[in-house]
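# Summary of the model geometry
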Amino acid sequence: DAVILTLPLGILSLPPDHPQYVQFHPPLPERKQQAIQQLGFGTYNKCALSFTHVFWTQSDFIGYVGSNPGRNILFMNISVVTYSSSKNKKQPVLIMVYGSKHASEIDDALTDEDVVRECLDVLRKICGKKDIPKPVDYVVTRWGKEKFSR
């Protein structure tokens, strides 16, 4: 008999004393156990921002390299794939993606409003504009705090 099992690396790398540890019978070969422990993984969070109109350069991706290590941010312009049937037009939406220690800091210390404020500060720098519109809506993910994510 055989089973094909797909688990996130975060689950596979849990220590044996963790309540969600997965034990294999027979145990995985030593080389596979070592590979699991050597692979790294991290958290990536997102902040989706919806605006009334596009004020940024039309590009699929907009990158920002921060002055502090690990503060690099990528904006994805998903306006080309978002459509409002009620407004009969594409919706101006940017998704900010941030990871590494920055994602953990946001999980632990920043409110959603703080995250949105940081997004807007970075957008002001990228666009070279002091006045950019406030988002009409936003969503902030916090995968590091999600009970069923690891």
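Refer to the preceding data block for the structure.
Parameters and conventions
- Residues numbered from 1 in each chain as written.
- Predicted model: local features only at pLDDT ≥ 70, side-chain atom pairs only at ≥ 80, totals over all residues.
- Heavy atoms only, no water.
- Core = buried A, V, L, I, M, F, W, Y, C linked by side-chain atoms within 4.5 Å.
- Buried < 20%, exposed > 50% of the residue type's maximum accessible area, 1.4 Å probe, protein only.
- Helix = DSSP H or I, 4+ residues; strand = E, 2+ residues; numbered from the N terminus.
- Contact = heavy atoms within 4.5 Å.
- Phe/Tyr/Trp six-rings, centres within 6.5 Å; stacked < 30°, edge-to-face > 60°.

Let's shift gears to the nonpolar core. Ranked by size, the top nonpolar core spans 21 residues in total, and within it Cys47, Phe51, Phe75, Met96, Tyr98, Val115 and Leu123 carry the most contacts. For this core, the secondary-structure elements that each account for two or more residues are strand E1 (44-50), strand E3 (73-77), strand E6 (93-99), helix H3 (100-109) and helix H4 (112-127). For this core, the element with the most residues is H4, which contributes 6 residues. Non-local contacts of Tyr98, meaning those with residues more than four positions away in its chain, are made with Thr43, Tyr44, Asn45, Lys46, Cys47, Asn72, Ala103, Ile106, Val115, Val140 and Thr141.

What follows covers the packing of aromatic side chains. All chains considered together, the criterion is met by 3 aromatic pairs. Geometrically, the ring pair formed by Phe51 and Phe55 is edge-to-face, given 5.0 Å between the ring centres and 85° between the ring planes. Residue class for Phe51 comes out buried when judged on its relative accessible area of 2%. We classify Phe55 as buried; its relative accessible area is 8%. An aromatic cluster of three or more residues is present, and its members are Phe51, Phe55 and Trp56.

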